[in-house]
Amino acid sequence: MAAAFLAAHGINLDEEMSKIQFARNGEKPEAHLGQSTLSKISGVRLPHKQSNTLWDISISQGCISAIDPHAASHASTSQSPGVLDATARLLASSLCHAHIHLDKCFLLQDPKYGDLQIREGSFEEAMSLTGTAKGRFTEEDLLRRGRQLIEESIAFGVTHMRAFAEIDEVVECACLDASLQLKDEFAGRCDIQVCAFAQLALFSEGCETNHSLMERASTMAGVDVLGSTPYVESDPDKMKKNIETVTRLALRYKKHLDFHLDYSLDREKEPMVWHVLNCLKETQWRKNAEGKRVTLGHCTRLSLFTPEEWRKLKREIGDLPVSFVGLPTSDLFMMRTKTRARGTLRVPELIKDYGIRAAVGVNNVGNCFTPQGSCDPLSVASLGIAVYQDGTQEGADLLYECVSSRAKDAVGFENTTLDLNIGEPADFVIFGREQVEWRTRRSVTEVVYDAGHSKRQTIKRGVLVS
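All values reported here derive from a predicted model rather than from experimental measurement. Position numbers for residues count from 1 along each chain, tracking the sequence in the order it is written. In view of the model being predicted, local features appear only for residues whose pLDDT reaches at least 70, and side-chain atom pairs are presented and counted only at 80 or more, with totals across whole chains, interfaces and linings using the full set of residues. In computing side-chain properties, one takes all heavy atoms of the structure into account and sets aside hydrogens as well as water.

A. A look at the overall build of the protein chain. A run of H or I in DSSP counts as a helix once it spans at least four residues, and a run of E counts as a strand once it spans at least two, with each numbered from the N terminus. For the protein chain, the helix and strand inventory stands at 17 helices and 17 strands. Relative accessibility decides the category of a residue: with a 1.4 Å probe and only protein chains considered, values under 20% of the type maximum give buried, values over 50% give exposed, and everything between is partly exposed. Counting only residues that meet the buried cut, the protein chain has 56% of its 466 residues in that class. In what follows, a contact means two residues having at least one pair of non-hydrogen atoms within 4.5 Å. For the protein chain, long-range pairs separated by at least 24 residues make up 76% of all intrachain contacts whose partners lie at least 6 apart in sequence. Every accessible area reported is derived by Shrake-Rupley at a probe size of 1.4 Å, with residue values counting cover from the shown protein chains alone. Approximately 19,100 Å² of the protein chain is accessible, and the part contributed by carbon and sulfur atoms is 50%.

In structure tokens:
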């Protein structure tokens, strides 16, 4: 009855108890709700451990230093400074946006763009409406919407993201400048890679300005990634020139490389992935890129590959640091043919059957490319149960990894695995208690099936950041 009373009055029991606990430790509740450095997290359930066992995680210099069985007789230690009592809650590795557009978020919900609503749902309409919206972008607007997406993401458990910021003759570098401001603003709470991204063509007629802006962006401090969209060029030769140019720029300035690639379901179209791999070999990417990664997003055309084509792709990749990111929420909405077929990369198959690095991502939030869904990466993992038709425990664990450790690996972040090994970064998300106790999530499988409605706590390098 007490829990029902608190819920009826909008009071979160976990949050209030945490305030009390930190007050006992001599800390202000506001400091806890902002950032608090932890030395131990007490009494949690862990992935790959029996769900009826509880564990204490010790943290030193931002990394996991020990994992020990929780002893109820040591409950008094939970009142020590820097100790977070998370008794009986599930802790897992933190989440990552491997692919998210920071500048185009929430356009369908923001009153400023209320007249730019979907009528057809086509890719062409999405490009047109977004182009109109970009003509209204201001610094205040970009910072406001981008800040909202980052705050919501951190609350969901995100500690790392690759954020795309468009450059073209309409916005020039306004989106990029705002994204770099947000990167600095959220440093310590979320590691943000900023990608200077050419959504529009670089070499088709009338696109000279876009090309020069890409060259300018590649020299900017704080830009971590260069990206483009070869398939928007007017012919295959220009698509290949786009790939070659952006690859060489990324190599010259030691940036990660990220292409939106092969976004179609047309068997007649030549997949550009082969040209990307040839270009990486010709430029000796592995030798010259100083550990920078290459990430290929969408790639829906590859969903039509035969097993032999996938095996060939694996051979061609060899030891190149190439990863794929499937974006099912966008792909299933956008990718359509005259037969109304849908397609997205079957990411679990790439990993299990062919040993190819892959992850899944949110991509867009609240715009014409992806009107549905939130910025919670777990919503994409949950969708994956149906899309990839694997509801086993092993399948759910793999999908969690695809928005956590595998997502971080795909874009070049140091990652924390579900095994939570000693020495790995103390980057965690702790799932809250539900009002009905037996509905509190006890395993990663349960979280992927349904992440629940309770608030999560996010820990970045041993610091409580949400």
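B. The sheet that holds strand β9 (residues 191-198), seen in detail. Strands were regarded as paired on the criterion that DSSP finds at least two bridges between them. Within the open sheet, the 8 strands sit side by side as β7-β8-β9-β10-β11-β12-β13-β14. Their pairing is parallel. Pairing within the sheet leaves two strands with one partner each, and these edge strands are β7 (95-101) and β14 (358-360). In this sheet, neighbouring strand axes are inclined to one another by 25 degrees on average, regardless of whether the strands run parallel or antiparallel. The pairing of β9 with strand β10 (residues 223-228) spans 5 bridges and is parallel. To get an axis, fit a line to the C-alpha atoms, keeping to the stretch in contact for a helix; angles then go from 0 to 180 degrees between the N-to-C directions.

C. Region of the structure containing unusual backbone geometry. The residue Asp-262 is not glycine, and still its phi comes out positive at about 50 degrees. As for its position among the elements, Asp-262 is in the loop between β11 (256-261) and α9 (273-282). On the accessibility criterion, Asp-262 (8% relative accessible area) is buried. The phi angle at His-298 is positive, at roughly 70 degrees, despite the residue not being glycine. Classification of His-298 by relative accessible area gives buried; the value is 3%.

D. Main features of the nonpolar core. One finds Leu-176, Leu-296, Leu-313, Phe-324 and Tyr-400 to be the most contacted residues of the largest nonpolar core, which totals 114 residues. Domains are outlined according to an automatic or database domain assignment. Counting only domains with at least three residues in this core, you end up with domain 1 (40-93 + 423-464) and domain 2 (95-411). Look past the residues within four positions of Tyr-400 in its chain and what remains in contact with it is Ala-92, Ser-93, Leu-95, Leu-378, Leu-418, Val-429, Phe-431, Val-444, Val-447 and Val-448. Remark: nonpolar core denotes a set of buried residues (Ala, Val, Leu, Ile, Met, Phe, Trp, Tyr, Cys) joined through side-chain atoms within 4.5 Å. Counting 17 residues, the second largest nonpolar core, distinct from the first, contains Trp-55, Ile-57, Leu-84 and Leu-420.

E. Just the packing of helix α13 (residues 347-354) against helix α15 (residues 393-402), in detail. Where α13 contacts α15, the axes come no closer than 10 Å and their chain directions differ by 105 degrees. In terms of orientation, α13 lies roughly perpendicular with respect to α15. Contact residues: Val-347, Pro-348, Ile-351 and Lys-352 in α13; Leu-398, Leu-399 and Cys-402 in α15. Of the residues contributing to the contact of α13 with α15, the split by class is 6 nonpolar, no polar and 1 charged. Note on terminology: angles under 35 degrees are roughly parallel, angles over 145 are roughly antiparallel, angles of 65 to 115 are roughly perpendicular, and the others are oblique. For this scheme, ten residues count as nonpolar: Ala, Val, Leu, Ile, Met, Phe, Trp, Tyr, Cys and Pro. Four count as charged, namely Asp, Glu, Lys and Arg, and the remainder, Gly too, count as polar.

F. A look at the packing of helix α8 (residues 236-252) against α9. Put simply, α8 and α9 touch, their axes get as near as 10 Å, and they point 35 degrees apart. As for the relative orientation of α8 and α9, their crossing is right-handed in sense. When α8 is examined against α9, the residues Lys-240, Ile-243, Glu-244, Thr-247 and Arg-248 are found in contact with a partner set consisting of His-275, Val-276, Cys-279 and Leu-280. Its residues placed into classes, the contact of α8 with α9 shows 4 nonpolar, 2 polar and 3 charged. For a crossing to be left-handed, the near helix must be turned anticlockwise from the far one by less than a right angle; the clockwise case is right-handed.

G. Representation of the pairing of β11. Of all 6 residues in β11, 6 are buried; the element is thus mostly enclosed. Summarising the sheet, β10 and β11 pair through 4 bridges and their orientation is parallel. When the bridges of β11 are listed, Leu-226 appears paired with Leu-257. The crossover handedness rule: strands pointing away from the viewer, path from first strand over the helix to second strand clockwise, crossover right-handed. The β-α-β motif built from β10, the intervening α8 and the parallel element β11 has right-handed crossover chirality. Judged from the 5 bridges that link them, β11 and strand β12 (residues 294-298) form a sheet pairing that is parallel. Bridged to Asp-258 within β12 is Thr-295.

H. Summary view of the layout of surface pockets. The calculated volume of the largest pocket comes to roughly 520 Å³. Buriedness for pockets is judged along seven lines, at least five of which must meet protein on both sides within 12 Å for an open set on the 1 Å grid over protein atoms alone, while cavities are sets there where a 1.4 Å probe fits but cannot get out, and lining residues have an atom within 4 Å of a point. Forming the boundary of the largest pocket are 22 residues, of which Tyr-263, Ser-264, Leu-265, Lys-269 and Met-335 lie nearest the centre. Each residue belonging to the lining of the largest pocket can be placed in one class, and the counts come to 12 nonpolar, 3 polar and 7 charged. Grid points are joined across faces, edges and corners, and a volume is the space filled by probe spheres set on the points.

I. How the structure looks around the pattern of salt bridges. The working definition used for a salt bridge is a side-chain nitrogen of Lys or Arg within 4 Å of a carboxyl oxygen of Asp or Glu. Applying the stated rule across the entire model yields 31 salt bridges. Residues Glu-270 and Lys-240 are paired through a salt bridge, measuring 3.7 Å at the closest nitrogen-oxygen approach. Separated by 30 residues along the polypeptide, Glu-270 in the loop between β11 and α9 and Lys-240 in helix α8 bring together distant segments of the chain. Residue Glu-270 is classed as partly exposed on the basis of its relative accessible area of 45%. Each of Asp-110, Lys-112, Glu-140, Asp-141, Arg-144 and Arg-145 takes part in one network of salt bridges that share partners.

J. Region of the structure containing α9. Across the 10 residues that make up α9, a large majority, 7, are buried. Within α9 the residues assigned to the buried category are Val-273, Trp-274, His-275, Val-276, Leu-277, Cys-279 and Leu-280. Along its buried surface, α9 packs onto α8, β11, α10 (285-288), β12, α11 (307-317) and β13 (322-326).

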